[in-house]
Amino acid sequence: MGIKGLSQLLADHAPGCLKESEIKNYFGRKVAVDASMCIYQFLIAVRQDGSQLTNEDGETTSHLMGMFYRTIRMVENGIKPVYVFDGKPPEMKSGELEKRKERRSEAQKGLEQATEAGDTENIEKFNRRLVKAPCEAEAQCAALVKAGKVWATGTEDMDSLTFGSNVVLRHLTFSEARKMPIKEYHYNRILEGLGLSQDEFIDLCILLGCDYCESIRGIGPKRAIDLIKQHKSIDEIVKHLDTKKYTIADDWLYKEARQLFKTPEVADPSTLELKWTEPNEEELIDFMVTQKQFSEDRIRNGIKKLTKARSGSTQGRLDGFFTVISSSPATGKRKAEDAKGSAKKKAKGGFKRGK
């Protein structure tokens, strides 16, 4: 789910945090990609006659070809993707997961009724609802970015920003057919634009609505940011809130949610070594062709594209070769005066005429 309404709130209150770009502009970048989000997108998008694609054994394969070609597309544009998969979801998410389970049960009944009635539109609608949604890759992606292992997180979920990812790229892994620009969010510009500290931003996201706990009923995005700016924390907001007007759950676990965003359970990035090697052609053929029944010609052609793209994307970005060295105002002023004095000296000396 991510954070409810965060993208629109940032557009309204911190527009400087966002810029739009093309995929070719990320040549040489290492990006941690939320693999669960990618798989989810393909499972709801790649259909045949209203049903998911399957192999001879009935296993769902809708997502595999999509992931294969999406990887090729990123590598062709010089991006080094790091796919991050979900681990065990935190216990705090059990409430959200239980709700999803109930919705899936309702969707299954709706699908059965629509199938019996031959209602194609509702068959598609309930099929989409039956696809399991992603869980917890965002925290690990953010940890990789903060540790400098990769440059950005590629996901559609805005809670990557709540976890503190320095840069988040939305639509990097979006539908290629829709040709949407990539949205590049910068965390430091978000805090600057909103005028909030990191802790205040986390509390804002909890107020907006996240996967880990309920929000306060009756408080929308505009009211949420006004309250955070006024009181600085949810703790102070609760003390001053009109409980007759706004409903707060008795077991509201906002403190636990806050702690989870600040210190999520992730693998230590310093222990991880990232390598990009040549594709293993025979293992890919065995998996995609022998096991999943995709066309061998298509897979081999895809492998050729991947190999060619990889050999052409080894060059690093130019900005990776330079380090920005900040100087104090006094140092900068002294350098400017030295340069000015040098220019005057040259002008005074002029040119000597030849005899």
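This is a predicted model, so every value here is computed, not measured.

**Q** Help me understand the packing of aromatic side chains in this model?
**A** Each aromatic ring pair is described using two quantities: the centre-to-centre distance and the angle formed by the ring planes. With the rule as written, the count across this model stands at six aromatic pairs. Judged by centre distance (5.2 Å) and plane angle (75°), the ring pair of Tyr212 and Phe261 falls under edge-to-face. Placement of the pair is Tyr212 in the loop between helix 9 (198–208) and helix 10 (221–231) and Phe261 in helix 12 (residues 254–262), with a sequence separation of 49 residues. Following the ring pairs from residue to residue traces out a cluster consisting of Phe163, Tyr212 and Phe261. Lying over the aromatic face of Trp151, Arg29 brings its terminal NZ or CZ to 4.0 Å of the ring centre. A cation over a ring is seen here: Lys80 above Trp276, with NZ or CZ 5.2 Å from the ring centre.

**Q** Sorry if this is basic, but what is going on with the nonpolar core here?
**A** The tendency in soluble globular proteins is for nonpolar side chains to be buried as a group. Among the nonpolar cores identified, the biggest contains 43 residues, and Leu10, Leu194, Phe201, Leu204 and Ile206 are the most heavily contacted of them. Listing elements by their share of this core, those giving two or more residues are helix 1 (6–13), helix 6 (137–146), helix 8 (187–194), helix 9, helix 10, helix 11 (234–240) and helix 12. At seven residues, helix 9 tops the list of elements feeding residues into this core. Ignoring any residue separated from it by four or fewer positions in sequence, one finds Leu194 in contact with Leu9, Leu10, His13, Ala14, Phe201, Leu204, Ile225 and Lys229. In terms of nonpolar packing, the next biggest core, distinct from the first, is built from 14 residues, Ile23, Cys38, Phe42 and Ile182 among them.

**Q** Just checking my understanding: could you explain the sheet that holds strand 7 (residues 167–170) for this structure?
**A** The strand order across the open sheet built from six strands is 1-8-7-6-2-5, with neighbouring strands paired in mixed fashion. The open sheet is flanked by strand 1 (18–21) and strand 5 (80–84), the only strands paired with a single partner. The average angle at which neighbouring strand axes cross in this sheet is 30°, direction not considered. Both strand 2 (residues 30–34) and strand 5 contribute to a ladder of five bridges, which runs parallel. Residue pairing across strands places Val31 opposite Pro81, the latter belonging to strand 5. Where helix 6 meets the sheet, it contacts strand 2, strand 5, strand 6 (152–154) and strand 7, and its direction lies at approximately 170° from that of strand 2.

**Q** When you look at helix 1 in this model, what are you seeing that I'm missing?
**A** Since the α-helix advances by 3.6 residues per turn, residues separated by three or four positions end up pointing in the same direction. Along helix 1, the residues classified as buried are Leu6, Leu9 and Leu10. Each buried residue of helix 1 sits inside an arc of 100° when the element is viewed along its axis, so together they form one side. Those residues of helix 1 that are buried lie in contact with helix 7 (159–162), strand 8 (182–186), helix 8, helix 9 and helix 10.

**Q** Quick question: what am I supposed to make of the environment of Asp157 here?
**A** Position of Asp157 relative to the elements: it lies in the loop between strand 6 and helix 7. Measuring from C-alpha to C-alpha, the distance between Asp157 and Val168 comes to 9.3 Å, with 11 residues separating the pair along the chain.

The rules behind each value
What you see as residue numbers is a count from 1 along each chain, following the sequence as written. Per-residue local features of the predicted model are confined to residues with pLDDT of at least 70, and side-chain atom pairs are confined, for both listing and counting, to 80 or more; whole-chain, interface and lining totals are unaffected and use all residues. The side-chain values count all of the structure's non-hydrogen atoms but skip hydrogen atoms and water molecules. The aromatic pairing rule takes the rings of Phe, Tyr and Trp, using the six-membered ring of Trp, and pairs them if the centres are within 6.5 Å, calling planes under 30 degrees apart stacked, those over 60 edge-to-face and the rest tilted. Numbering of helices and strands starts at the N terminus; helices are DSSP runs of H or I of at least 4 residues and strands are runs of E of at least 2. We call a charge positioned above a ring when the Lys NZ or Arg CZ atom is no farther than 6 Å from the ring centre and deviates by at most 35 degrees from the ring normal. Among buried residues, those of type Ala, Val, Leu, Ile, Met, Phe, Trp, Tyr and Cys that are joined through side-chain atoms within 4.5 Å constitute a nonpolar core. Accessibility here uses a 1.4 Å probe with only protein chains present; expressed as a share of the type maximum, an area under 20% marks a residue as buried, one over 50% as exposed, and anything in between as partly exposed. Here a residue-residue contact requires only that any non-hydrogen atoms of the pair lie within 4.5 Å. For two strands to pair, DSSP has to find at least two bridges joining them. Note on definitions: angles span 0 to 180 degrees between N-to-C directions of axes, and those axes are lines fitted to C-alpha atoms, for helices only across the stretch in contact. By construction, the arc corresponds to the directions joining the helix axis to the C-beta atoms.

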